[in-house]
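Breakdown of the fold
Chain by chain, the residues:
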Amino acid sequence: MAKQIATNITWHAGHVEREQRNELLKQRGATIWFTGLSACGKSTIAFTLEHALVEQRGHLSYVLDGDNIRHGLNKNLGFSPEDRNENIRRIGEVAKLFADAGVLTCTSFISPYRVDRDQARKIHEEAGLPFIEVFVKASVETCEQRDPKGLYKKARAGEIPEFTGVSAPYEEPLNAEIVLETEELSVEQSAQVVLNYLVEQGLLREA
Ligand code: ADP
């Protein structure tokens, strides 16, 4: 857990309620947290969902993508357990801000440790914001066959240390809201499963 370092700081509440933002956007802000092995399909499914929400349904959605965030906000972090922990802590906080702003926020990070994902869930729950954990499931063998960036190949050749599924652990979710069996579902079907869930949960109002 990150320690509070600054002192003499006070929370300044705004004049616009979350409910007003939700009313404006005709949706409830939420975090849709995709987790799973590298190449299991997190980003592909998250971007397909984002596109469906924006183009087909007229809703505001945005993907916080693992590699993209490591180009900016988290460019100073690597893949050691401590850095992975800090990576996910920051993403949890950013996703919470986006969700509070009213955005249907999709996060696409391996996020291999249960304790880190649970911490992201906790800060959302404490803030009264929906947190939907989506386990994008595929075996290491399947991911290794997909391997769109050739990372498993490099990892097997010993060129990438601490690679999840090969030389670093992945702790499967125990109570994910949604499990996507990507060896049985197409990308579009997986995105549709999540979209249906958002509708069922009453997060999308008709515009
Ligand atoms: P991650 O974000 O989990 O690292 P990516 O989305 O970058 O994974 O890559 C997954 C790759 O697997 C993509 O090239 C995608 O097209 C492919 N793929 C093949 N079948 C599926 C499926 N059923 N579901 C998700 N992705 C799939």
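The paragraphs below set out a description of the structure included in this document. Sequence positions are assigned chain by chain, starting from 1 and proceeding in written order. Given that this is a predicted model, residues contribute local features only at a pLDDT of at least 70 and side-chain atom pairs are listed and counted only at 80 or more, while totals for whole chains, interfaces and linings are drawn from all residues. Think of the side-chain values as coming from all heavy atoms in the structure, minus any hydrogens and water.

**Observations regarding the overall build of the chain**
Put simply, DSSP marks the helices as runs of H or I at least four residues long and the strands as runs of E at least two long, and each gets a number from the N terminus on. Per the secondary structure count, the chain includes 8 helices and 5 strands. Starting at the N terminus and walking to the C terminus, you meet the elements of the chain as α-β-α-β-α-α-β-α-β-α-α-β-α. Taking 17 Å as the expected radius of gyration for a compact globule of 207 residues, we find that the chain reaches 17 Å, a close match to that expectation. Overall size of the chain, expressed as C-alpha extent along the three principal axes, is 55 × 45 × 30 Å. A burial count over the chain gives 43% of its 207 residues as buried. Of the roughly 11400 Å² of accessible surface on the chain, 52% is carried by carbon and sulfur atoms. Positive charges come from Lys and Arg, negative ones from Asp and Glu, while His and the chain ends are left out of the count. Note that the charge is assigned to NZ on lysines, CZ on arginines, CG on aspartates and CD on glutamates. Computing the positive centroid from 24 side-chain charges and the negative centroid from 31, the chain places the two 4 Å apart. The globule rule used here is 2.2 Å times the number of residues to the 0.38 power, and the radius of gyration it is set against is calculated over C-alpha atoms. For the exposure calls, accessible area comes from a 1.4 Å probe over protein chains only, and a residue counts as buried if that area is under 20% of its type's maximum, exposed if over 50%, partly exposed in between. Shrake-Rupley sampling with a 1.4 Å probe provides the accessible areas, and residues are treated as covered by the protein chains on show and by no other component.

**Description of the nonpolar core**
I32, F34, L49, I132, V134, L180 and V194 are the most contacted members of the largest nonpolar core, which totals 34 residues. Elements with a contribution of two residues or more to this core: β1 (30-35), α2 (42-56), β3 (104-108), β4 (131-137), α7 (151-156), β5 (178-181) and α8 (187-200). By nonpolar core we mean a set of buried residues, namely Ala, Val, Leu, Ile, Met, Phe, Trp, Tyr and Cys, connected to one another through side-chain atoms within 4.5 Å. Core analysis: the second largest hydrophobic core is formed by 10 residues, I69, I88, V94 and F109 among them.

**Some points on the site of the ligand**
Summary of the distance rule: residues count as near a molecule or strand when at least one heavy atom falls within 4 Å of that molecule or strand. Near the ligand, the surroundings consist of 13 residues, among which A39, K42, S43, T44 and L185 are the closest. Polar contacts, as used here, are pairs of N or O atoms within 3.5 Å; protein pairs need one atom able to donate a hydrogen and one able to accept it. Residues neighboring in sequence count only if both atoms are side-chain atoms. Contacts to the ligand include G41, whose backbone N or O atom sits 3.0 Å from an oxygen atom. In this structure, an oxygen atom belonging to the ligand sits 2.7 Å away from a side-chain N or O atom of K42. When the free accessible area of the ligand is taken as 580 Å², the share hidden by the protein chains comes to 75%. Most atoms of the ligand, that is more than half of them, are within 2 Å of grid points of the largest pocket. In terms of residue count, the dominant contributor to the shell around the ligand is α2 (3 residues). All residues other than Ala, Val, Leu, Ile, Met, Phe, Trp, Tyr, Cys, Pro, Asp, Glu, Lys and Arg, Gly among them, are scored as polar; the first ten of these are nonpolar and the last four charged. Partitioning the shell around the ligand into residue classes produces 6 nonpolar, 5 polar and 2 charged. Using protein atoms alone on a 1 Å grid, points that fit a 1.4 Å probe yet trap it form a cavity, whereas open point sets bounded by protein on both sides within 12 Å along at least five of seven lines form a pocket; residues with an atom within 4 Å of a point count as lining. More than half of a molecule's atoms within 2 Å of the grid points is what it takes for that molecule to sit in a cavity or pocket.

**A short note on unusual backbone geometry**
In this structure, N8 is a non-glycine residue whose phi angle is positive, near 55 degrees. Structurally, N8 is set in the segment before α1 (18-25). You can call N8 exposed: its relative accessible area is 80%.

**Let's talk about the packing of aromatic side chains**
Classification of ring pairs uses Phe, Tyr and Trp, with its six-membered ring standing for Trp, and accepts pairs whose centres are within 6.5 Å; under 30 degrees between planes counts as stacked, over 60 as edge-to-face, and the remaining range as tilted. Going through the model one piece at a time under the given rule, you end up with 4 aromatic pairs. If you follow R70 out to its NZ or CZ, it ends over the ring of F79, 3.9 Å from the centre. Over a ring means this: the NZ of a Lys or the CZ of an Arg is within 6 Å of the ring centre and within 35 degrees of the ring normal.

**Remarks on the pattern of salt bridges**
We define a salt bridge as a contact between a side-chain nitrogen of Lys or Arg and a carboxyl oxygen of Asp or Glu at a distance within 4 Å. This structure, assessed with the given rule, holds 13 salt bridges. Put simply, R121 and E177 hold a salt bridge, and the shortest N to O gap is 2.9 Å. One end of the pair, R121, is in helix α5 (residues 114-126); the other, E177, is in the loop between α7 and β5, and 56 residues separate them in sequence. Residue class for E177 comes out partly exposed when judged on its relative accessible area of 29%. The network of salt bridges with common partners includes R117, R121, E125, E133 and E177.

**Some points on the layout of surface pockets**
Grid points are joined across faces, edges and corners, and a volume is the space filled by probe spheres set on the points. Looking at the largest pocket, its volume works out to about 700 Å³. In terms of lining, the largest pocket is formed by 31 residues, of which the most central are S38, D67, I110, K149 and L151. Counting only elements with at least two residues in the lining of the largest pocket, the list comes to α2, α3 (66-71) and α4 (81-101). No other element matches the 4 residues that α2 contributes to the lining of the largest pocket.

**Here we look at the state of the cysteines**
In this description, the term disulfide denotes a pair of cysteine sulfurs within 2.5 Å. Applying the stated rule across the entire model yields 0 disulfides. Among the cysteines around C40, which has no disulfide bond, C143 carries the closest sulfur, lying 5.5 Å off.

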